[in-house]
Amino acid sequence: MTSAVDALAAGPVLGLPLPELWFALVFAILGTFLFLDGFDFGAGAIFATLREDEAREAVLSAIGPFWDGNEVWLVVFGGALFAAFPSVYAGLFSRHYLLMFGILGALILRGLAPEMYEQRHDARWQRWWGRSFVAGSVLAPFLLGAFAGNWLAGSPRSLTLVGVVTGIAVTALTVVSGAAFLRLKARDALPETVTEIGVGAVAAYLFAVVATLGALATRLPAGVDALLSPPVLALVAASVGLGVGYGVALRRGADLAALAAAAGLTYGLTAVVAVLMYPRIDPATGATVGEAVVSTLPLNLMSIGAALLLPLVVVYFAVLYSAFSGPITAEEAY
Amino acid sequence: MDEECAVLREETAASRAGVNFPTRTHHDMIDPVLASRFQFALTTIVHIIFPVMSMGLAPFLIYFTWKDVRGGDPVYEQLRRFWTKIFAVSFVVGTVTGIVLEFEFGTNFAAFSTTAGELFGGPLAVEGMMAFMLEATFLGVFVFGRERVSDRLYLVSSLAVGVGTWLSAVWILIANSWMQMPRGYELVTENGQEVVHLVDPLAAYLTPRFGYMYVHMQNAAVESVALFMAGVSAYFVYRHHVWGHQTENIAFWQKTLKIALVALLITAPLQVLQGDLYARHVYETQPQKFAAMEAVWDTEAYVPEYIFAIPTDLSQFTDPRAKELFGLGIPGGASWLASGGDATAEIRGLNTFETEAPPVAVVFWSFRAMVGMGFWFILLAFWGGYRWYTGELFEDGLLHKALMASSLLGIVAVELGWVVTEVGRQPWVIQGVLKTSEGVSPGLTGTEAMVTLAGFVGVYAGILALYTYVVARVIRGGPPSVRELRSAAERDAAPGEVPGDD
């Protein structure tokens, strides 16, 4: 046993560049969270535009089985950052103290509201829990976006221009995903306006991304050059393409294709952030991936654990999403 | 911006060098250390209720689902449906309050997270990937999917949720037990700050403490839920049989009472017996905590164990001292507990430790109350078992009242046990390695900490009120009647027909 531990402490498993892989994995997990829980958030925002009981119930039924599992990706994001880059986790979370608790508050509101909404059927009760659901669903992605923007910009303060525009971009992006998801799950119960909301949101998202990049230009060490680097330009161009594709797909009723385009947009945004940040991982302190990563032994153990467990997680999600595939049926009350 | 960054770099360098920069406490009216500790205590105390409910309900739900899927007595479908509702709401509230705890390590205890992260972060990450993912995904299938999936997958999903909740506790307690009994690490100075490096993963993650804690916690969860089920069902049984009010679904409540009693008969004695072994282990590994549990200040032999201690004045309550207490003491009992059978064994007193003692009154009285309840639960279990044996289980009104009064006491005992565990190890956050006061985020201001603490007091009071309200509604609504279940089954069997009484 000791020899196994010695071997694991000697060097990275299979000679892999583990610090870089964990940097990528942390952002991949964040992207997965922003996409999966993103369509729940977006559904919550669209809920605000719906007046009829039937349509509102349909939104809640559509996300009912999924949101709790989707939210766990945020837990895993926190856990992975903590395990692989503890000083970054500690520095970021304590620096943006009130922002983090804002996110938590919004998530509490979003999680409790649907559960409460269904408890009673009087109008006032449902109006207030409906509002709470919307507020939580809009605030959570906005504050998460602000967190990501401040992280990338290396801002020691939480209320910044970059933070606000990134927050708007992420919120718009969740509405993009949410519209496609709701069309897919509850087309018959929802008005046609959902399509237009999705198309409007994707346009707003693309504008907000440009604004975010503009706000960032002055705050990155490489300045505008970083923004004009080939990978960033390619990702921005791909996002514009995906945005147009999304709008076309949604209008034509190709809802699954629209949802896939929304996923592409979300991962694209996360990739832009990661590309602009690398090789640093905490721009506020200037710490690089190599400096912040834990030592070889725990990193190897975590890598083996993640390699075994994440494929299983994919299976769990496959079971969940296939069990509830297709549109919700009329009887599926929340 | 550049200036801000420069300041920040300086501050970070200072904090890495172990220097407390002066902005922290000097200008603040409220101590961020104290506020952070209160906040973590509050958020944990509220959060633990929900995992206790979901972990404790899990084995029952697996059993109900298995009996239901196999068909036969419709009471098992009632049991599954009814208790799944309570499980689902507990799980949701547990999720939203649990994420808070994970974030608080970073927000409020950044210095601790940086120091211990290499060893402590791993279990939390694995908990998310291995356990939380499993439970949260299959929960969707389990709560919403009865009509959508096959019997087999449905049974698998109940198992997956149950196993997930219990695995979750494995990783959380691995992390916690390492803080109580740190092993398998070395301290290395990095950038002027002492950081824990993992050296021997098996020693670090599989401490003997983990085994004691896991059995104690999981058994406590099942026992607490058994008490809750017994208390709720006793109310309806009492109402029907003793009071004489005709009660709907009385067979369901009778069955619930019997199942809860069986669980209580197993878990209540086990909890006390295993708790005895656990206490001995605490004496060996955390003597300061044990001395606080027994309020022993000077090292002594033949220390009595006060099962009932009665403070004769206020100072004995706020500052209990084993030698001066008036109560029912078992001579040599504490010595016997610490040493595993030797009533004359010596117990090291609090005065002999270099670090200040934990708040002794809190630890001492919490421990007493928890142990007292543990014995009371055994008494309840045997009382109920005896009445069942004599055929008077549904007629003994006093038993029903005792069960009703005890329905939440299991959860109270869990809270007190955690108070003993966590307050008892103060001033250490990692026993003997890092003090709690040194673990708090260096940049945190008292104002920030106070704002969130005040927010949590309000929000968590609201969450508790809502949770109570929802659970009370579910209980008042009762299970779906057997008639409703039959008509639903017939409708599913013949989808063309429209049922008249829907």
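Residues numbered from 1 in each chain as written. Chains lettered and ligands numbered in written order. Predicted model: local features only at pLDDT ≥ 70, side-chain atom pairs only at ≥ 80, totals over all residues.

Where an unreviewed UniProt entry is consulted, chain A appears under the name Cytochrome D ubiquinol oxidase subunit II, with the organism given as Halorubrum ezzemoulense DSM 17463. Quoted straight from UniProt, the Subcellular location (unreviewed entry) entry for chain A says "Cell membrane". (UniProt positions renumbered as here; feature names shortened; annotations may be inferred.)

### Here's the deal with the overall build of chain B
Helix and strand counts for chain B come out as 17 helices and eight strands. The C-alpha extent of chain B, read off along each of the three principal axes, is 75 × 65 × 45 Å. With 502 residues in all, chain B has 49% of them scored as buried. Pairs at least 24 residues apart make up 78% of the contacts formed inside chain B by residues separated by at least 6 positions. (Helix = DSSP H or I, 4+ residues; strand = E, 2+ residues; numbered from the N terminus. Buried ≥ 20, exposed ≤ 12 C-beta atoms within 10 Å, placed from the backbone. Contact = placed C-beta atoms within 7 Å.)

### Here's the deal with the overall build of chain A
In terms of helices and strands, chain A carries 14 helices and two strands. Since a compact globule built from 334 residues should have a radius of gyration of about 20 Å, the 20 Å found for chain A is in line with a globular shape. If one aligns the C-alpha atoms of chain A with their principal axes, the spans along those axes are about 60 × 50 × 35 Å. Relative to its 334 residues, chain A shows a buried fraction of 60%. (Rg over C-alpha atoms; globule rule 2.2 N^0.38 Å.)

### What about the nonpolar core?
Of all hydrophobic cores here, the largest spans 278 residues; its most connected members are Val26, Ile46, Val59, Ala84 and Val176 of chain A together with Leu264 of chain B. The element that contributes the greatest number of residues to this core is helix α4 (residues 110–144) of chain B, accounting for 22 residues. Viewed by domain, this core spans two of them, domain 1 (45–206) and domain 2 (224–438) of chain B, each represented by three or more residues. Residues contacting leucine 264 of chain B, with those up to four places away along its chain left out, are Glu223, Ala226, Leu227, Ala230, Phe377, Leu380 and Ala381 of chain B. (Core = buried A, V, L, I, M, F, W, Y, C linked by C-beta atoms within 7 Å. Domains from an automatic or database assignment.)

### A short note on the interface of chain A and chain B
Counting residues at the interface gives 61 residues for chain A and 60 residues for chain B. In terms of residues, the side of chain A that touches chain B owes the most to one element, helix α14 (residues 296–323) of chain A, which gives 14 residues. In terms of residue class, the side of chain A that touches chain B is made up of 41 nonpolar, 15 polar and five charged. (Nonpolar A, V, L, I, M, F, W, Y, C, P; charged D, E, K, R; others polar.)

### Some thoughts on the packing of helix α3 (residues 75–107) of chain B against helix α8 (residues 250–285) of chain B
All names here are of chain B. Taken N-terminus to C-terminus, the directions of α3 and α8 make an angle of 75 degrees; their axes are 10 Å apart at the nearest point. Comparing the axis directions of α3 and α8 gives the class roughly perpendicular. Of α8, the residues touching α3 (which contributes Val75, Gln78 and Leu79) are Ala251, Phe252, Lys255 and Thr256. (Axes fitted to C-alpha atoms, helices over the stretch in contact; angles between N-to-C directions. Parallel < 35°, antiparallel > 145°, perpendicular 65-115°, else oblique.)

### Observations regarding the packing of helix α4 (residues 67–84) of chain A against α4 of chain B
Here α4 of chain A crosses α4 of chain B at 165 degrees, and the two axes come no closer than 7 Å. The pairing of α4 of chain A with α4 of chain B is recorded here as roughly antiparallel in orientation. Note on packing geometry: the crossing formed by α4 of chain A with α4 of chain B is left-handed. Split by residue class, the contact of α4 of chain A with α4 of chain B holds 13 nonpolar, nine polar and two charged. (Left-handed = near helix turned anticlockwise from the far one by under 90°.)

### Comments concerning the UniProt feature "transmembrane region" (unreviewed entry) in chain A
Per the UniProt annotation, the sites labelled "transmembrane region" (unreviewed entry) are residues 21–50, 71–90, 133–153, 159–182, 194–216, 228–249, 256–281 and 301–324 of chain A. Annotated as 90% helix and 0% strand, the span residues 21–50 of chain A places its first and last C-alpha atoms 43 Å apart.

### Notes on unusual backbone geometry
Across the junction of tyrosine 278 of chain A and proline 279 of chain A, the peptide omega takes the value 10 degrees, indicating a cis bond. Take proline 279 of chain A: it is sitting in the loop between α12 (255–277) and β1 (280–282). Phi angles above zero are rare outside glycine, and leucine 14 of chain A is one such case at about 60 degrees. By secondary structure assignment, the location of leucine 14 of chain A is in the loop between α1 (2–10) and α2 (18–47). At alanine 295 of chain B, a position not held by glycine, the phi torsion is positive, near 55 degrees. For alanine 295 of chain B, the location among the structural elements is in the loop between α9 (287–294) and β3 (300–301).

### Observations concerning the domain arrangement of chain B
Residue and element names in this part refer to chain B. For chain B, the assigned domains read domain 1 (45–206) and domain 2 (224–438). Placing the centre of domain 1 and that of domain 2 at their C-alpha centroids yields a distance of 25 Å. Counting from both sides, the interface comprises 19 residues of domain 1 and, opposite them, 20 residues of domain 2. Put simply, the parts of the chain that give the side of domain 1 that touches domain 2 at least two residues each are α2 (32–70), α3, α4 and α5 (151–180). Residue contributions to the side of domain 1 that touches domain 2 peak at eight residues, all from α2. Here the side of domain 1 that touches domain 2 is built from residues that sort into 15 nonpolar, four polar and no charged.

### Regarding the confidence of the model for chain B
Residue and element names in this part refer to chain B. Per-residue confidence for chain B gives a mean pLDDT of 88, with 91% of residues at or over 70. Least confident of the elements in chain B is helix α1 (residues 2–16), whose mean pLDDT is 43; most confident is helix α13 (residues 397–405), at 97. In this model residues 1–27 is a low-confidence stretch, pLDDT under 50, and it forms 26 contacts with partners more than four residues away in sequence or in other chains. For residues 495–502, every residue scores under 50 in pLDDT, and the model assigns this stretch three contacts once sequence neighbours within four places are set aside. (pLDDT = per-residue confidence, 0-100.)

### So, the environment of glycine 340 of chain B
Residue placement: glycine 340 of chain B occurs in the loop between α11 (333–339) and β6 (346–347). Separated by 37 residues in the primary sequence, glycine 340 of chain B and valine 303 of chain B place their C-alpha atoms 13 Å from one another.

### Points about the environment of leucine 182 of chain A
All names here are of chain A. Assignment of secondary structure puts leucine 182 in helix α8 (residues 161–186). The buried category is assigned to leucine 182, around which 29 C-beta atoms lie within 10 Å. Once the C-alpha coordinates of leucine 182 and alanine 215 are considered, the two residues, 33 residues apart in sequence, prove to be 32 Å apart. Other than its neighbours up to four places away in sequence, leucine 182 contacts Ala43, Ile46, Val59, Ala62, Leu190 and Val194.

### What to know about the pairing of strand β1 (residues 185–190) of chain B
Pairing between β1 of chain B and strand β2 (residues 193–198) of chain B: six bridges, direction antiparallel. Counterpart to leucine 187 of chain B in the pairing with β2 of chain B is valine 196 of chain B. (Pairing = 2+ DSSP bridges.)

### Concerning the confidence of the model for chain A
In this model, chain A carries an average pLDDT of 92, and 98% of its residues clear a pLDDT of 70 or more. Least confident of the elements in chain A is α1 of chain A, whose mean pLDDT is 80; most confident is α2 of chain A, at 96.

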